[in-house]
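The chain contents come next:
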Amino acid sequence: GAVVSQHPSRVICKSGTSVKIECRSLDFQATTMFWYRQFPKQSLMLMATSNEGSKATYEQGVEKDKFLINHASLTLSTLTVTSAHPEDSSFYICSASLAGAGNEQFFGPGTRLTVL
Amino acid sequence: AQSVTQLGSHVSVSEGALVLLRCNYSSSVPPYLFWYVQYPNQGLQLLLKYTTGATLVKGINGFEAEFKKSETSFHLTKPSAHMSDAAEYFCAVRSSNAGNNRKLIWGLGTSLAVNP
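Quick look at the structure, then.

Quick notes on the rules
- Residues numbered from 1 in each chain as written.
- Chains lettered and ligands numbered in written order.
- Predicted model: local features only at pLDDT ≥ 70, side-chain atom pairs only at ≥ 80, totals over all residues.
- Heavy atoms only, no water.
- Phe/Tyr/Trp six-rings, centres within 6.5 Å; stacked < 30°, edge-to-face > 60°.
- Contact = heavy atoms within 4.5 Å.
- Buried area = accessible area lost by both parts, 1.4 Å probe.
- Salt bridge = Lys/Arg side-chain N within 4 Å of Asp/Glu carboxyl O.
- Polar contact = N/O pair within 3.5 Å; in protein donor to acceptor, adjacent residues only side chain to side chain.
- Helix = DSSP H or I, 4+ residues; strand = E, 2+ residues; numbered from the N terminus.
- Buried < 20%, exposed > 50% of the residue type's maximum accessible area, 1.4 Å probe, protein only.
- Pairing = 2+ DSSP bridges.

### Re the packing of aromatic side chains
Argument step 1. Overall, the coordinates contain 12 aromatic pairs over all chains when judged by the stated rule.
Argument step 2. Through pairs of rings, three or more aromatic residues link up here, namely Tyr36 and Phe107 of chain A together with Phe34, Tyr36, Phe90 and Trp106 of chain B.

### Brief notes about the interface of chain B and chain A
Argument step 1. Between chain B and chain A, the contact holds 20 residues from the first and 25 residues from the second.
Argument step 2. For the pair chain B and chain A, the two sides together bury roughly 1,700 Å², of which 49% comes from carbon and sulfur.
Argument step 3. The residue Glu59 of chain A makes a salt bridge to Lys103 of chain B at a minimum N-O spacing of 3.2 Å.
Argument step 4. Counting every contact that joins chain B to chain A gives 6 residue pairs in polar contact (both at pLDDT 80 or more).
Argument step 5. Listing elements by their share of the side of chain B that touches chain A, those giving two or more residues are β5 (31-38), β6 (44-50) and β10 (87-95) of chain B.

### A few points about the pairing of strand β5 (residues 44-51) of chain A
Residue and element names in this part refer to chain A.
Argument step 1. Judged by how many residues are buried, β5 sits mostly within the fold: 6 of 8 residues are covered.
Argument step 2. In the sheet, strand β4 (residues 32-38) pairs with β5 via 7 bridges, with the strands oriented antiparallel. Of the residues in β5, the one forming a bridge with Met33 is Ser50.
Argument step 3. Taking the residues between adjacent antiparallel strands as the criterion, β4 and β5 are bridged by 5 residues, where Lys41 takes a positive phi near 60°.
Argument step 4. Pairing between β5 and strand β6 (residues 57-58): 2 bridges, direction antiparallel. Its bridge partner lying in β6, Thr49 is registered against Thr57.
Argument step 5. Between β5 and the antiparallel strand that follows it, β6, lie 5 residues; Gly53 among them carries a positive phi value of about 80°.

In structure tokens form, the structure reads like this:
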């Protein structure tokens, strides 16, 4: 149980286009989803926390208009990278968490974004 | 405020040798502590976690960690390394009083290499 999927696993796009990444909790309802960005050989950087039905809470330094997050249901959150540029190329990982103080985050397999 | 320090960004052991990955944390409230493993180009998988109760926690793949409050440590160990253990390991902490905010604070990661 507690499986999280991401789609697509890899995406290559041209500079200036927008890219949508989906994060789904397959066998549980996720009250909270998290979006991370990871640069090569580095730790995860939390971008935003998303609660179902409410606006995402962005971390300092993350552009809200650049990285649009929608958490429309308890099983789906989307991250849209708008007007992508080469510096947005990265590994994006989502995680989902159940309600309850002790529950861990279940991670998706990640999406490799390459902007040409 | 909370923080996590992983001593040693790279650790190399021989197959069959003891694995010891160090993690120290700081937290003004009782912490929840986690170890995650990441294989190349994949998401993160939970190895083990400490929330309350027994301070020696056993996880998957033969790993275990001991919460030592006096030393503010949560080191990860495995008695005998396998080649398949080669991966990136992340220690993370979050507050036990977080309420709805389940944000994790991440260490920078330790890359484990296992030599034949």
